[in-house]
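# Structural description and commentary
The chain contents come next:
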Amino acid sequence: MTDESKRLLYLEAMEIDVWLPKTNHGAPITEHALEKDKPLLSSPSSEAEIWQELREEVANCQACDLYKTRTQTVFGTGNTHADWLLIGEAPGQNEDLQGEPFVGKAGQLLNEMLRAINLSREQVFIANILKCRPPNNRDPKPEEVSACSDFLQRQIDLLKPKIILAVGRIAAQQLLKTTEPIGKLRGKVYFLDAIPVIVIYHPAYLLRSLLEKRKAWQDLQLALKTYREI
Ligand code: SF4
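In this report, the structure presented in the accompanying data block is examined. (Residues numbered from 1 in each chain as written. Predicted model: local features only at pLDDT ≥ 70, side-chain atom pairs only at ≥ 80, totals over all residues.)

### So, the overall build of the chain
Defined as follows: Helical segments are the DSSP runs of H or I of at least four residues, strand segments are the runs of E of at least two, and each set is numbered from the N terminus. Buried means a residue has 20 or more other C-beta atoms within 10 Å of its own C-beta, exposed means 12 or fewer, and partly exposed covers the counts in between; C-beta atoms are placed from the backbone.
When helices and strands are counted, the chain shows 10 helices and 6 strands. Counting the 230 residues in the chain, one finds 38% classified as buried.

### Thoughts on the site of the ligand
Stated precisely, the cut-off is as follows: Only the C-beta atom matters for nearness: placed from the backbone, it must lie within 6 Å of the molecule or strand for the residue to count as near. Side-chain classes are defined by residue name, with Ala, Val, Leu, Ile, Met, Phe, Trp, Tyr, Cys and Pro counting as nonpolar, Asp, Glu, Lys and Arg as charged, and the others, Gly among them, as polar.
Close contacts around the ligand come from 14 residues, with Cys61, Cys64, Lys131, Cys132 and Cys148 the closest. A total of 3 residues in the shell around the ligand trace back to one element, the largest contributor, which is helix 6 (residues 142-159). Residues belonging to the shell around the ligand are distributed by class as follows: 10 nonpolar, 2 polar and 2 charged.

### Points about the pairing of strand 3 (residues 125-128)
This is how the line gets drawn: Two strands qualify as a pair provided DSSP detects at least 2 bridges between them.
Here strand 3 shows a buried face lined by Phe125 and Ala127 and a second buried face lined by Ile126 and Asn128. Across 4 bridges, strand 2 (residues 84-88) lies against strand 3 in parallel orientation. Along strand 3, the bridge assignment pairs Leu85 with Phe125.

### Quick look at the sheet that holds strand 4 (residues 163-167)
This is how the line gets drawn: Any pair of residues counts as being in contact when their C-beta atoms, constructed from backbone geometry, are within 7 Å of one another. Simply put, an axis is a line fit to the C-alpha atoms, just over the touching stretch for a helix, and the angle between two N-to-C directions goes from 0 to 180 degrees.
One open sheet holds the 6 strands; their spatial order is 1-3-2-4-6-5, and the pairing between them is mixed. Edge strands, defined here as strands with exactly one partner in the open sheet, are strand 1 (77-78) and strand 5 (189-192). Here helix 7 (residues 169-176) sits on the sheet and contacts strand 2, strand 4, strand 5 and strand 6 (195-200); the angle it forms with strand 4, its principal contact strand, is near 130 degrees.

### A word on the environment of Ile117
Residue position: Ile117 is located in the loop between helix 5 (104-116) and strand 3. Taking the C-alpha atoms as reference points, Ile117 and Leu220, separated by 103 residues in sequence, lie 7.3 Å from one another.

### Regarding unusual backbone geometry
Even without being glycine, Lys160 reaches a positive phi, approximately 50 degrees. Its place among the elements puts Lys160 in the loop between helix 6 and strand 4. For Ala194, which is not glycine, the phi dihedral falls at a positive 75 degrees. Note that Ala194 resides in the loop between strand 5 and strand 6.

### Re helix 7
Of all 8 residues that make up helix 7, 7 are buried, and the element is covered over most of its length. Inspection of helix 7 places Arg169, Ile170, Ala171, Ala172, Gln173, Gln174 and Leu175 among the buried residues, and these make up the whole buried set. Those residues of helix 7 that are buried are in contact with strand 2, helix 6, strand 4, helix 8 (182-185), strand 5 and strand 6. Following helix 7 by one or two positions, Lys177 adopts a phi angle in the positive range, close to 50 degrees.

Below, the structure is given as structure tokens:
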């Protein structure tokens, strides 16, 4: 099956209408999303150096016990000038092996969810609460989140995103510092240091629970609406 066929199948499964790309007089999201492509006012080299230093710091981190079992750290990936920041929970097995967040089937579905709102993976930045994989994909421990939180905060400070998507229950609960279930957290706009935060279902969950596909689409629509109104 071709990538395009898989993409259409995913979208069909989620009952998502495909938005055709528009280059002229087109979708506001595209215009908005590309805003960050404008030249930087600050020196690109110095900013790139700061990102590289942070990346190396993460790669060498031993601040919690997860360094002992990781294959490699998963720093995050994407456009360092993105308006959209997606934050997941922690690397899984594939991510730990490949060094990139949201790979495999869940990653493919996430890509399709982004494409459904006219965004590509290259236009957003994707990071996790934890940079190292918890063994057997168990939930992160509070001390691990605490040890790793500075890295995520520095990524947010550098990126200055216009909107954050908290992907999945754990990410949402950690970012919003709550124990509320995701069903109660979704559908609302929160703020983290004045940046709007929208909670969306984790694509791995959606792969198992396609009954939630409508809600997933609603969450994306809320994110899009919020972004447009910023
Ligand atoms: S999870 Fe975070 S704090 Fe723990 S070792 Fe990895 S990078 Fe360091």
